[in-house]
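Structure at a glance
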Amino acid sequence: ATPTAVMVATGVGANHGVLVKGGDALERAQNVKYVIFDKTGTLTQGKATVTSTKVFSGIDLGDFLTLVASAEASSEHPLAKAILDYAFHFHFFGKLPSSKDDIKKRKQQILSQWLLEVAEFSALPGKGVQCLINGKKIVVGNRTLITENGINIPEEAESFLVDLELNAKTGVLVAYDCELIGSIGMTDPLKREAVVVVEGLKKMGIYPVMVTGDNWRTAQAVAKEVGIEDVRAEVMPAGKADVVRSLQKDGSVIAMVGDGINDSPALAAADVGMAIGAGTDIAIEAADYVLVRNNLEDVITAIDLSRKTFSRIR
Ligand code: ADP
Ligand code: MG
(Lines give C-alpha, C1' and ligand atoms only; values in the text may rest on other atoms or scores of the structure.)
(Ligands and ions follow the chains in the order given, each with its own letter.)
Protein backbone atom coordinates (compact mmCIF):
# COMPACT_ATOMS: atom_id res chain seq x y z
CA ALA A 1 0.00 0.00 0.00
CA THR A 2 1.19 3.49 -0.82
CA PRO A 3 1.37 6.25 1.77
CA THR A 4 -1.62 7.76 0.02
CA ALA A 5 -3.63 4.55 0.44
CA VAL A 6 -2.77 4.51 4.15
CA MET A 7 -3.83 8.13 4.45
CA VAL A 8 -7.10 7.44 2.67
CA ALA A 9 -7.78 4.39 4.86
CA THR A 10 -7.05 6.43 7.99
CA GLY A 11 -9.57 9.00 6.82
CA VAL A 12 -12.19 6.36 6.00
CA GLY A 13 -11.68 4.87 9.44
CA ALA A 14 -12.05 8.25 11.12
CA ASN A 15 -15.32 8.84 9.27
CA HIS A 16 -16.62 5.61 10.77
CA GLY A 17 -15.38 6.43 14.26
CA VAL A 18 -12.33 4.16 14.03
CA LEU A 19 -9.28 6.24 14.92
CA VAL A 20 -5.94 4.61 14.14
CA LYS A 21 -2.74 6.09 15.51
CA GLY A 22 -0.39 5.00 12.73
CA GLY A 23 0.19 3.13 9.49
CA ASP A 24 1.94 0.26 11.31
CA ALA A 25 -1.10 -0.59 13.42
CA LEU A 26 -3.30 -0.23 10.36
CA GLU A 27 -1.11 -2.76 8.57
CA ARG A 28 -0.91 -5.27 11.43
CA ALA A 29 -4.69 -5.49 11.79
CA GLN A 30 -5.10 -7.40 8.50
CA ASN A 31 -3.41 -10.50 9.97
CA VAL A 32 -5.16 -10.64 13.34
CA LYS A 33 -5.70 -14.25 14.43
CA TYR A 34 -7.02 -13.78 17.98
CA VAL A 35 -9.20 -11.00 19.31
CA ILE A 36 -9.04 -10.86 23.10
CA PHE A 37 -11.98 -9.06 24.67
CA ASP A 38 -12.05 -7.66 28.17
CA LYS A 39 -15.42 -8.43 29.79
CA THR A 40 -16.59 -5.48 31.89
CA GLY A 41 -17.20 -2.36 29.84
CA THR A 42 -16.04 -4.02 26.62
CA LEU A 43 -18.32 -7.00 25.94
CA THR A 44 -20.74 -5.67 28.51
CA GLN A 45 -22.27 -2.21 28.55
CA GLY A 46 -20.18 -1.15 31.53
CA LYS A 47 -23.41 0.15 33.00
CA ALA A 48 -23.97 -2.14 35.90
CA THR A 49 -27.04 -1.95 38.08
CA VAL A 50 -27.46 -3.21 41.58
CA THR A 51 -29.84 -6.17 41.71
CA SER A 52 -29.66 -7.13 45.37
CA THR A 53 -27.99 -6.28 48.65
CA LYS A 54 -27.35 -8.33 51.72
CA VAL A 55 -26.16 -6.97 55.04
CA PHE A 56 -24.52 -8.99 57.77
CA SER A 57 -23.99 -8.28 61.45
CA GLY A 58 -27.12 -6.18 61.83
CA ILE A 59 -25.95 -2.96 60.19
CA ASP A 60 -28.73 -0.69 58.91
CA LEU A 61 -29.07 -0.87 55.09
CA GLY A 62 -28.95 2.92 54.69
CA ASP A 63 -25.77 3.17 56.76
CA PHE A 64 -24.27 0.29 54.81
CA LEU A 65 -24.96 1.99 51.47
CA THR A 66 -23.60 5.31 52.73
CA LEU A 67 -20.34 3.66 53.76
CA VAL A 68 -19.92 1.76 50.49
CA ALA A 69 -20.86 4.72 48.27
CA SER A 70 -18.40 6.94 50.15
CA ALA A 71 -15.60 4.44 49.61
CA GLU A 72 -16.45 4.11 45.90
CA ALA A 73 -16.97 7.82 45.21
CA SER A 74 -13.51 8.32 43.65
CA SER A 75 -13.47 5.09 41.64
CA GLU A 76 -13.93 5.14 37.87
CA HIS A 77 -15.05 1.51 37.78
CA PRO A 78 -18.50 0.75 36.31
CA LEU A 79 -19.39 -1.21 39.45
CA ALA A 80 -18.54 1.82 41.59
CA LYS A 81 -20.84 4.05 39.55
CA ALA A 82 -23.67 1.54 39.93
CA ILE A 83 -23.26 1.48 43.70
CA LEU A 84 -23.34 5.29 43.89
CA ASP A 85 -26.50 5.49 41.78
CA TYR A 86 -28.18 2.87 43.91
CA ALA A 87 -27.26 4.52 47.17
CA PHE A 88 -28.41 7.85 45.80
CA HIS A 89 -31.80 6.48 44.84
CA PHE A 90 -32.19 4.71 48.11
CA HIS A 91 -31.67 7.90 50.07
CA PHE A 92 -33.39 10.39 47.80
CA PHE A 93 -35.93 8.66 45.63
CA GLY A 94 -38.76 11.01 44.77
CA LYS A 95 -36.86 14.18 45.60
CA LEU A 96 -35.40 14.69 42.13
CA PRO A 97 -36.26 17.62 39.87
CA SER A 98 -37.51 16.75 36.39
CA SER A 99 -34.90 17.83 33.80
CA LYS A 100 -31.88 15.64 33.18
CA ASP A 101 -29.32 18.40 33.71
CA ASP A 102 -31.00 19.42 36.92
CA ILE A 103 -30.91 15.85 38.09
CA LYS A 104 -27.19 15.65 37.41
CA LYS A 105 -26.44 18.90 39.21
CA ARG A 106 -28.73 18.11 42.12
CA LYS A 107 -27.26 14.63 42.39
CA GLN A 108 -23.78 16.12 42.71
CA GLN A 109 -24.98 18.51 45.44
CA ILE A 110 -26.79 15.83 47.37
CA LEU A 111 -23.97 13.33 47.08
CA SER A 112 -21.48 15.81 48.45
CA GLN A 113 -23.79 16.43 51.42
CA TRP A 114 -24.13 12.90 52.64
CA LEU A 115 -20.99 11.09 51.50
CA LEU A 116 -18.64 10.51 54.38
CA GLU A 117 -15.13 11.86 54.45
CA VAL A 118 -12.61 9.46 53.01
CA ALA A 119 -8.87 9.27 53.69
CA GLU A 120 -6.06 7.30 52.06
CA PHE A 121 -8.20 6.17 49.14
CA SER A 122 -6.68 3.63 46.81
CA ALA A 123 -8.10 1.83 43.79
CA LEU A 124 -6.75 -1.66 43.26
CA PRO A 125 -7.38 -2.54 39.62
CA GLY A 126 -8.90 -5.98 39.20
CA LYS A 127 -9.77 -6.15 42.89
CA GLY A 128 -11.67 -3.14 44.25
CA VAL A 129 -11.06 -0.11 46.43
CA GLN A 130 -10.01 0.59 49.99
CA CYS A 131 -9.80 3.65 52.21
CA LEU A 132 -10.34 4.94 55.72
CA ILE A 133 -13.72 6.20 56.94
CA ASN A 134 -13.93 7.52 60.50
CA GLY A 135 -10.42 6.20 61.02
CA LYS A 136 -11.40 2.64 60.19
CA LYS A 137 -10.56 0.70 57.09
CA ILE A 138 -13.25 -0.10 54.54
CA VAL A 139 -12.55 -2.64 51.82
CA VAL A 140 -14.92 -3.01 48.84
CA GLY A 141 -14.13 -5.61 46.23
CA ASN A 142 -13.81 -9.25 45.30
CA ARG A 143 -12.87 -12.30 47.37
CA THR A 144 -9.18 -11.83 46.64
CA LEU A 145 -9.12 -8.34 48.12
CA ILE A 146 -11.09 -9.34 51.20
CA THR A 147 -8.89 -12.38 51.82
CA GLU A 148 -5.70 -10.38 51.28
CA ASN A 149 -6.89 -8.13 54.07
CA GLY A 150 -7.10 -11.13 56.37
CA ILE A 151 -10.88 -10.93 56.60
CA ASN A 152 -12.93 -14.10 56.89
CA ILE A 153 -15.79 -14.68 54.43
CA PRO A 154 -18.65 -16.39 56.28
CA GLU A 155 -20.66 -19.20 54.68
CA GLU A 156 -23.71 -16.92 54.38
CA ALA A 157 -21.74 -14.44 52.25
CA GLU A 158 -20.11 -17.13 50.15
CA SER A 159 -23.45 -18.71 49.21
CA PHE A 160 -24.92 -15.26 48.40
CA LEU A 161 -21.98 -14.72 46.01
CA VAL A 162 -22.16 -18.13 44.34
CA ASP A 163 -25.88 -17.66 43.73
CA LEU A 164 -25.22 -14.37 41.93
CA GLU A 165 -22.31 -15.72 39.94
CA LEU A 166 -24.21 -18.71 38.58
CA ASN A 167 -26.61 -16.12 37.13
CA ALA A 168 -23.86 -14.12 35.35
CA LYS A 169 -23.93 -11.45 38.06
CA THR A 170 -21.01 -10.05 40.04
CA GLY A 171 -21.00 -9.88 43.81
CA VAL A 172 -18.96 -7.26 45.61
CA LEU A 173 -17.99 -7.80 49.24
CA VAL A 174 -17.75 -5.04 51.82
CA ALA A 175 -15.66 -5.21 54.97
CA TYR A 176 -15.47 -2.46 57.57
CA ASP A 177 -13.21 -2.47 60.58
CA CYS A 178 -12.02 -6.02 59.78
CA GLU A 179 -15.53 -7.44 59.58
CA LEU A 180 -17.62 -8.42 56.57
CA ILE A 181 -20.68 -6.15 56.76
CA GLY A 182 -22.45 -6.89 53.53
CA SER A 183 -22.48 -7.72 49.87
CA ILE A 184 -23.92 -6.12 46.73
CA GLY A 185 -25.05 -8.06 43.67
CA MET A 186 -24.75 -6.40 40.29
CA THR A 187 -25.60 -7.14 36.70
CA ASP A 188 -23.99 -5.63 33.64
CA PRO A 189 -25.77 -6.67 30.44
CA LEU A 190 -23.97 -7.55 27.21
CA LYS A 191 -23.72 -4.89 24.52
CA ARG A 192 -26.47 -5.43 21.95
CA GLU A 193 -24.04 -6.21 19.15
CA ALA A 194 -21.70 -8.46 21.14
CA VAL A 195 -23.11 -11.83 20.01
CA VAL A 196 -23.18 -10.85 16.33
CA VAL A 197 -19.61 -9.50 16.44
CA VAL A 198 -18.24 -12.66 18.04
CA GLU A 199 -20.04 -14.72 15.41
CA GLY A 200 -18.71 -12.46 12.65
CA LEU A 201 -15.12 -12.83 13.82
CA LYS A 202 -15.43 -16.61 13.83
CA LYS A 203 -16.70 -16.46 10.23
CA MET A 204 -13.59 -14.41 9.34
CA GLY A 205 -11.41 -17.20 10.73
CA ILE A 206 -10.51 -15.22 13.87
CA TYR A 207 -10.60 -16.74 17.36
CA PRO A 208 -12.40 -14.72 20.05
CA VAL A 209 -11.05 -14.92 23.60
CA MET A 210 -12.47 -13.36 26.78
CA VAL A 211 -10.22 -12.17 29.59
CA THR A 212 -11.48 -10.72 32.85
CA GLY A 213 -10.55 -9.92 36.40
CA ASP A 214 -13.98 -11.14 37.42
CA ASN A 215 -14.49 -14.57 38.98
CA TRP A 216 -14.70 -17.85 37.05
CA ARG A 217 -18.38 -18.54 37.52
CA THR A 218 -19.55 -15.12 36.30
CA ALA A 219 -16.99 -15.14 33.49
CA GLN A 220 -18.14 -18.51 32.20
CA ALA A 221 -21.81 -17.58 32.37
CA VAL A 222 -21.17 -14.38 30.38
CA ALA A 223 -18.88 -16.13 27.87
CA LYS A 224 -21.57 -18.69 27.19
CA GLU A 225 -24.12 -15.94 26.52
CA VAL A 226 -21.82 -14.23 24.03
CA GLY A 227 -20.54 -17.39 22.31
CA ILE A 228 -16.90 -17.36 23.43
CA GLU A 229 -15.35 -20.71 24.34
CA ASP A 230 -11.84 -19.56 25.33
CA VAL A 231 -12.18 -17.83 28.72
CA ARG A 232 -9.47 -16.57 31.10
CA ALA A 233 -10.88 -15.38 34.43
CA GLU A 234 -9.56 -13.98 37.71
CA VAL A 235 -6.75 -12.38 35.73
CA MET A 236 -4.95 -9.41 37.27
CA PRO A 237 -3.99 -6.44 35.04
CA ALA A 238 -0.40 -7.67 34.51
CA GLY A 239 -1.82 -11.12 33.81
CA LYS A 240 -3.88 -9.76 30.94
CA ALA A 241 -0.65 -8.77 29.19
CA ASP A 242 0.71 -12.28 29.87
CA VAL A 243 -2.32 -13.78 28.11
CA VAL A 244 -1.49 -11.59 25.09
CA ARG A 245 2.16 -12.67 25.11
CA SER A 246 1.38 -16.37 25.49
CA LEU A 247 -0.89 -16.27 22.43
CA GLN A 248 1.81 -14.36 20.52
CA LYS A 249 4.38 -17.10 21.12
CA ASP A 250 3.72 -18.98 17.86
CA GLY A 251 3.86 -15.71 15.93
CA SER A 252 0.10 -15.13 15.92
CA VAL A 253 -1.05 -11.55 15.58
CA ILE A 254 -3.15 -10.54 18.58
CA ALA A 255 -5.73 -7.81 18.94
CA MET A 256 -6.80 -6.76 22.42
CA VAL A 257 -10.02 -4.81 22.99
CA GLY A 258 -10.43 -3.11 26.36
CA ASP A 259 -11.70 -0.09 28.21
CA GLY A 260 -10.14 0.01 31.66
CA ILE A 261 -6.97 1.03 33.46
CA ASN A 262 -6.55 -2.68 34.08
CA ASP A 263 -6.47 -3.34 30.33
CA SER A 264 -3.72 -0.88 29.45
CA PRO A 265 -0.74 -3.27 29.88
CA ALA A 266 -2.49 -5.78 27.60
CA LEU A 267 -3.44 -3.08 25.09
CA ALA A 268 0.21 -2.04 24.92
CA ALA A 269 1.46 -5.64 24.64
CA ALA A 270 -0.96 -6.56 21.83
CA ASP A 271 0.00 -6.21 18.17
CA VAL A 272 -3.23 -4.29 17.74
CA GLY A 273 -4.60 -2.56 20.84
CA MET A 274 -8.15 -1.27 20.51
CA ALA A 275 -9.62 0.96 23.21
CA ILE A 276 -13.32 1.57 23.66
CA GLY A 277 -13.88 5.31 23.22
CA ALA A 278 -15.88 5.57 26.44
CA GLY A 279 -13.02 3.89 28.31
CA THR A 280 -10.49 5.45 30.63
CA ASP A 281 -7.82 7.82 29.29
CA ILE A 282 -5.05 5.42 30.22
CA ALA A 283 -6.54 2.69 28.04
CA ILE A 284 -6.97 5.11 25.14
CA GLU A 285 -3.34 6.19 25.46
CA ALA A 286 -2.06 2.62 25.45
CA ALA A 287 -4.05 1.58 22.38
CA ASP A 288 -3.34 1.79 18.63
CA TYR A 289 -7.00 2.21 17.78
CA VAL A 290 -9.80 4.11 19.48
CA LEU A 291 -13.33 2.89 18.76
CA VAL A 292 -15.10 6.20 19.22
CA ARG A 293 -18.66 4.89 18.80
CA ASN A 294 -18.19 2.35 21.62
CA ASN A 295 -19.60 -0.20 19.21
CA LEU A 296 -17.91 -3.60 18.93
CA GLU A 297 -18.85 -3.83 15.24
CA ASP A 298 -15.96 -1.44 14.73
CA VAL A 299 -13.50 -4.21 15.66
CA ILE A 300 -14.59 -5.87 12.44
CA THR A 301 -14.61 -2.55 10.56
CA ALA A 302 -10.99 -1.96 11.60
CA ILE A 303 -9.81 -5.41 10.50
CA ASP A 304 -11.76 -5.17 7.23
CA LEU A 305 -10.27 -1.76 6.51
CA SER A 306 -6.76 -3.11 6.99
CA ARG A 307 -7.45 -6.16 4.84
CA LYS A 308 -8.84 -3.99 2.03
CA THR A 309 -5.99 -1.48 2.22
CA PHE A 310 -3.16 -3.99 2.24
CA SER A 311 -4.64 -6.89 0.24
CA ARG A 312 -2.57 -6.13 -2.82
CA ILE A 313 0.78 -6.51 -1.11
CA ARG A 314 -0.09 -9.69 0.82
P1 ADP B 1 -12.77 -6.77 33.97
O2 ADP B 1 -11.46 -7.41 33.73
O3 ADP B 1 -13.90 -7.68 33.57
O4 ADP B 1 -12.89 -5.41 33.33
P5 ADP B 1 -11.93 -5.76 36.50
O6 ADP B 1 -10.54 -6.30 36.39
O7 ADP B 1 -12.12 -4.31 36.30
O8 ADP B 1 -12.93 -6.59 35.54
O9 ADP B 1 -12.49 -6.13 37.93
C10 ADP B 1 -12.43 -7.44 38.42
C11 ADP B 1 -13.20 -7.57 39.69
O12 ADP B 1 -12.60 -6.76 40.70
C13 ADP B 1 -14.63 -7.08 39.59
O14 ADP B 1 -15.48 -8.07 39.08
C15 ADP B 1 -14.92 -6.75 41.04
O16 ADP B 1 -15.23 -7.90 41.75
C17 ADP B 1 -13.60 -6.21 41.53
N18 ADP B 1 -13.54 -4.74 41.45
C19 ADP B 1 -12.74 -3.99 40.66
N20 ADP B 1 -12.92 -2.68 40.88
C21 ADP B 1 -13.89 -2.57 41.82
C22 ADP B 1 -14.53 -1.48 42.49
N23 ADP B 1 -14.24 -0.19 42.24
N24 ADP B 1 -15.45 -1.78 43.43
C25 ADP B 1 -15.77 -3.05 43.70
N26 ADP B 1 -15.21 -4.11 43.11
C27 ADP B 1 -14.28 -3.90 42.20
MG1 MG C 1 -13.16 -3.44 31.57
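Residues numbered from 1 in each chain as written. Chains lettered and ligands numbered in written order. Predicted model: local features only at pLDDT ≥ 70, side-chain atom pairs only at ≥ 80, totals over all residues.

Thoughts on unusual backbone geometry
A positive phi angle is found at Ala168, which is not glycine, with a value near 65°. With respect to the element layout, Ala168 can be found in the loop between helix 8 (155-166) and strand 7 (170-176). (Helix = DSSP H or I, 4+ residues; strand = E, 2+ residues; numbered from the N terminus.)

Side note on the site of ligand 1
By nearness alone, 23 residues border ligand 1, and Thr40, His77, Asn142, Thr212 and Gly213 come closest of all. Sorting the residues of the shell around ligand 1 by element identifies helix 3 (39-43), helix 5 (78-92), strand 5 (128-133), strand 6 (136-141) and strand 7 as the ones contributing at least two each. It is helix 3 that provides the largest number of residues to the shell around ligand 1, a total of 3 residues. Each residue belonging to the shell around ligand 1 can be placed in one class, and the counts come to 5 nonpolar, 13 polar and 5 charged. For the shell around ligand 1, the domains that each give at least three residues are domain 1 (3-45 + 190-313) and domain 2 (49-187). (Near = placed C-beta within 6 Å. Nonpolar A, V, L, I, M, F, W, Y, C, P; charged D, E, K, R; others polar. Domains from an automatic or database assignment.)

Concerning the sheet that holds strand 12 (residues 272-276)
The sheet built from 7 strands is open, its strands ordered 1-13-12-11-2-9-10 with mixed pairing. Sheet topology places strand 1 (18-20) and strand 10 (230-232) at the edges, where each strand pairs with a single neighbour. Taken pair by pair, the neighbouring strands of this sheet meet at an average axis angle of 20°, ignoring direction. When strand 9 (residues 207-211) meets strand 10, the two strands line up parallel, connected through 3 bridges. (Pairing = 2+ DSSP bridges. Axes fitted to C-alpha atoms, helices over the stretch in contact; angles between N-to-C directions.)

Points about helix 11 (residues 237-248)
For helix 11, built from 12 residues, the straight-helix expectation of 16 Å at 1.5 Å per residue is met to within 8% by its first-to-last C-alpha distance of 18 Å. Residues of helix 11 that are buried include every one of Lys240, Ala241, Val243 and Val244, and no others. Within helix 11, the buried residues cover an arc of 150° as seen down the axis, which keeps them to one side. Across helix 11 from its buried face, at more than 90 degrees, point the exposed residues Arg245 and Ser246. On the buried face of helix 11, the contacting elements are strand 2 (32-38), strand 9, strand 10, strand 11 (253-258) and helix 12 (264-269). (Expected span 1.5 Å × (residues − 1). Buried ≥ 20, exposed ≤ 12 C-beta atoms within 10 Å, placed from the backbone. Arc of directions from axis to C-beta. Contact = placed C-beta atoms within 7 Å.)

Quick look at the domain arrangement of the chain
As far as domains go, the chain holds domain 1 (3-45 + 190-313) and domain 2 (49-187). Computed over C-alpha atoms only, the centres of domain 1 and domain 2 are separated by 30 Å. On the side of domain 2, 12 residues touch domain 1, which itself brings 15 residues to the contact. Counting only elements with at least two residues in the side of domain 1 that touches domain 2, the list comes to helix 3 and helix 10 (216-226). For the side of domain 1 that touches domain 2, the element with the highest residue contribution is helix 10, accounting for 5 residues.

Some details on the environment of Arg293
Following the sequence through the fold, Arg293 ends up in the loop between strand 13 (289-291) and helix 14 (297-310). Residue class for Arg293 comes out partly exposed when judged on the 14 C-beta atoms lying within 10 Å of it. When neighbours within four sequence positions are excluded, Arg293 is seen to be in contact with Gly17, Gly277 and Asp298.

A look at the nonpolar core
Formed by 52 residues in total, the largest nonpolar core has its most connected members in Ile36, Ala255, Met256, Met274, Ala275 and Tyr289. If you tally residues by element for this core, the top one is strand 2, at 5 residues. Discounting chain neighbours no more than four positions away, the residues touching Met256 are Ile36, Val244, Ala266, Leu267, Ala270, Gly273 and Met274. Residues Ala48, Phe64, Ala82 and Leu145 belong to the second largest nonpolar core, which totals 36 residues. (Core = buried A, V, L, I, M, F, W, Y, C linked by C-beta atoms within 7 Å.)

What to know about the packing of helix 1 (residues 3-15) against helix 14
Contact geometry of helix 1 with helix 14 gives a least axis separation of 10 Å together with a crossing angle of 160°. Accordingly, the angle class assigned to the pair helix 1 and helix 14 is roughly antiparallel. Considering how the two elements wind past one another, helix 1 and helix 14 form a crossing that is right-handed. Here Ala5, Val6, Ala9, Val12 and Gly13 of helix 1 come into contact with helix 14, specifically with Ala302, Leu305 and Thr309. Looking at the contact of helix 1 with helix 14, its residues break down into 6 nonpolar, 2 polar and no charged. (Parallel < 35°, antiparallel > 145°, perpendicular 65-115°, else oblique. Left-handed = near helix turned anticlockwise from the far one by under 90°.)

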